[in-house]
Every structure is written in C-alpha cells, then in structure tokens.
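Chain residues, written in single-letter form:
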Amino acid sequence: TPRVFSGIQPSGNLTLGNYLGALKRFVEMQESDIETLYCVVDMHAITVWQDPADLRHNTREVTAAYIACGLDPAKSILFNQSQVPAHAQLAWIFNCTARIGWMNRMTQFKDKAGKNAEKSSLGLLAYPALMAADILIYQATHVPVGEDQKQHLELARDIAAKFNHDFDTDFFPSPDPLIDGEATRVMSLRDGTKKMSKSDPSDQSRITLRDDADTIAKKIRKAKTDPEPLPETLKELEGRPEARNLVNIYAALSGRTAESVIAEFSGQQFGQFKPALAELAVDHLAPITQEMNRLMADPAEIDRVLGNGADRAAAIAEPILDKTYDIVGMVRSR
Ligand code: TYM
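Conventions we followed
Residues numbered from 1 in each chain as written. Predicted model: local features only at pLDDT ≥ 70, side-chain atom pairs only at ≥ 80, totals over all residues. Heavy atoms only, no water. Domains from an automatic or database assignment. Contact = heavy atoms within 4.5 Å. Buried area = accessible area lost by both parts, 1.4 Å probe. Salt bridge = Lys/Arg side-chain N within 4 Å of Asp/Glu carboxyl O. Polar contact = N/O pair within 3.5 Å; in protein donor to acceptor, adjacent residues only side chain to side chain. Nonpolar A, V, L, I, M, F, W, Y, C, P; charged D, E, K, R; others polar. Core = buried A, V, L, I, M, F, W, Y, C linked by side-chain atoms within 4.5 Å. Buried < 20%, exposed > 50% of the residue type's maximum accessible area, 1.4 Å probe, protein only. Helix = DSSP H or I, 4+ residues; strand = E, 2+ residues; numbered from the N terminus.

## Structural notes on the domain arrangement of the protein
So, point 1. Domains assigned within the protein are domain 1 (3-179 + 299-328) and domain 2 (203-294).
So, point 2. Look at where the C-alpha atoms of domain 1 and domain 2 centre, and you get two points 30 Å apart.
So, point 3. Listed by partner, the interface residues are 16 residues for domain 1 and 13 residues for domain 2.
So, point 4. Taking both partners together, domain 1 and domain 2 bury about 1300 Å²; carbon and sulfur atoms supply 70% of that area.
So, point 5. At the boundary of domain 1 and domain 2, one finds one salt bridge.
So, point 6. We note a salt bridge from Arg210 to Glu61, for which the minimum N-O separation is 2.6 Å.
So, point 7. The tally of links between domain 1 and domain 2 comes to seven residue pairs in polar contact (both at pLDDT 80 or more).
So, point 8. Classifying every residue of the side of domain 1 that touches domain 2 gives nine nonpolar, five polar and two charged.

## With respect to the nonpolar core
So, point 1. With 62 residues, the main nonpolar core has Tyr66 and Phe273 as its most contacted residues.
So, point 2. Residues from two domains meet in this core; each of domain 1 (3-179 + 299-328) and domain 2 (203-294) gives at least three.
So, point 3. Ignoring anything within four residues of it in the chain, the contact list for Tyr66 reads Ser6, Gly7, Ile8, Leu23, Phe26, Tyr38, Cys39, Val40, Leu71 and Leu78.
So, point 4. The next biggest cluster of nonpolar side chains, apart from the first, holds 50 residues, and it includes Phe79, Leu125, Ile159 and Phe172.

## Some points on unusual backbone geometry
So, point 1. One non-glycine residue, Gln139, lies in the positive phi region at around 45 degrees.
So, point 2. Structurally, Gln139 is set in the loop between helix 7 (122-136) and strand 4 (142-144).
So, point 3. Assessed through its relative accessible area of 23%, Gln139 is described here as partly exposed.
So, point 4. Within the chain, Asp168 stands out as a residue other than glycine whose phi angle is a positive 50 degrees.
So, point 5. You can see Asp168 is positioned in the loop between helix 8 (150-166) and strand 5 (176-178).

Structural data, given as structure tokens:
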C-alpha cells in the first residue's frame, strides 16, 4: 500500500523554497486517499548546534507552518521525530547497514562540514541513515522533497536494498522520491545559481514565512535580474538564471506552468513583472504568516497536536520495528 512520508528540519526560519518545494506539495498530497505522515525532524536539526530554546521554538513554528499552509492534523499524521523513538532505533540498525564511504560521498555533508570535516558531529555524517529510517520505519513508498534531497533519497534506496539483500528479505520497499512542479529548486534572490536557503548570510537572498507583506514586496523589487525583457519562450531564458527563477516562483505560486507564465508576460520588463510577482507572493504568503502567528500564541495546543500525531505514528512504526529486530536476530522476550 502506498504511504507518503516527508520531513522538515526545525533549524530556523522557513523559506519560500521550503514552502514551494515541500509544504505546498505536502498539502496537495493530503487531498489524495493515500496516508500521509509529515514530521518535524528535530533529531536531524541537532546534527549542527541548536540552542535549546531556539530548537523548542522552531519545532513549534514548523508545526504551525504545516497547519497554516493547510495541513489538517486529522487527515495527516503530524508529529516531531524525537517523540517516536523507533526512528532512532531503526537508524542504529541502518548505521550498521550503510557504509562510511556512502556517507562521505554526500554533497550536503561536504557542504555543511566544510574544510574541517573532522570537527563536524558524527551525527552529521550519519544523517542520511536517520533519514532512511524516518521513511522506512513506516515502509513509506513516496517521499515528496525538493531537488536538494535527491541524493539522500537515493541513499535511502541503497540502504533498503542492502538490508533486504543482507537478510534475504523484501521487507523494506524502495521509496520513490517525488520531485515535481515548477519550484523543486528555488534559487537565491541575489544569485540565481545558488539555492535559496535558511543559512545564506544575506537576508535579502530569501523570502521567509516570518516576513511581513512590505518585506516580501521589497525583497522581490530588489531581487537581482537583468535588463532584458521577458522573452517568448522558456528556452530563451537559458543563461538567465535569475529571470528563470522568478518565472518559476510565479508559476509555482499560481499553480501554473512556467510556459504559460512566460507567454503571459512575454515582452514585458522586470519593472512590470516584479510588482505582479510581489502581489502574488504577498496574497499567497501573508495569510499563512498571519495564521502561523496566531497558532504560535497557543504553544500548548501545538504540543497537543504533536503528541497526538506521535501516538498515531508510533502505532504504525512499532510493529515494523519489531519485525526488523526479528529479521536481524535480536532476542525479544517481553
Ligand atoms: P530541509 O529541512 O532542509 O528542507 C525541507 C524541504 O524543503 C525543500 N527545500 C527546497 N525546495 C525547493 N527549493 C529550495 N530552495 C529548497 N530548500 C529546501 C527540501 O528539499 C525539503 O524537501 N533532510 C531533509 C529533512 C528530512 C526528510 C526526511 C525529508 C529528514 N528526514 C525524510 C524527507 C524524508 C532536510 O534537511 O530538509
């Protein structure tokens, strides 16, 4: 049976990239009949230092973002990772399945560890094994993510395959990444060749779910572009990454294809396109931010949602963990 799982780290301020590449699509998937589980992956966040008060705040804020974007905790299972210990338990087994060499090849590890990999946490290196466990502890089959998570998903498939091979079983399904839509890789507003990210030092490079309407509009007005008008076809946007990015953002926000957006604005200057984009972004994001702020005023209610989601998630995960231990040969006598 198909089952959807995905996660978001509570490691700071959510960006338009998180929204278009993940949150918006999660909500769309909830409308299908397929069971959906969405996680706030607090255990992933601590692979780099998190101030405890910030972690607590950000965990609740990501939860509020999920709900504000339209996720219904009655339809989807919404929870934080650390409240379902089976993630960590399966991750240990996968630490023993995965090879160090596989981890060393992960581009995200290389980026995050930087020059001094020896000084990064062991958890940062092992991160993809925990991510594989997040998915496979539910035997999830479909994983909506942005483009940047593709390599981690391939590793999760490798782990499932090696586990199945080592123990001569077909217990774990091979999870399919779902990377589609017009905004699988939202780029920085300052540099169209760099991913929009929470960690970019420039606040002007990203739109966040904490920005108010004026800030959103200003950031779009100031976004880097080129002096050419918008062409007639997408092909002609090749070599103009900033222009392409803004067209993609417009398309994803409006639920249209990039082709239809370019056809509508063809011949116009960015002086005309940017205000249209700013208006669209504000119309779309301001109500979400407002709803997040409203939800954040009642942290006890957010915690209740997370606890309830964790109970439901654990009910699926525990039998799968038991079966895994059994396959591995762990004695279970109580
Ligand atoms: P994280 O927290 O970095 O990002 C959450 C989701 O947002 C997507 N995303 C983007 N999409 C388009 N353009 C961007 N600029 C952009 N930036 C971020 C990410 O691709 C992701 O889908 N390792 C994951 C969290 C995770 C997970 C999992 C995901 C942990 N366990 C199991 C799926 C399944 C991460 O760090 O995402």
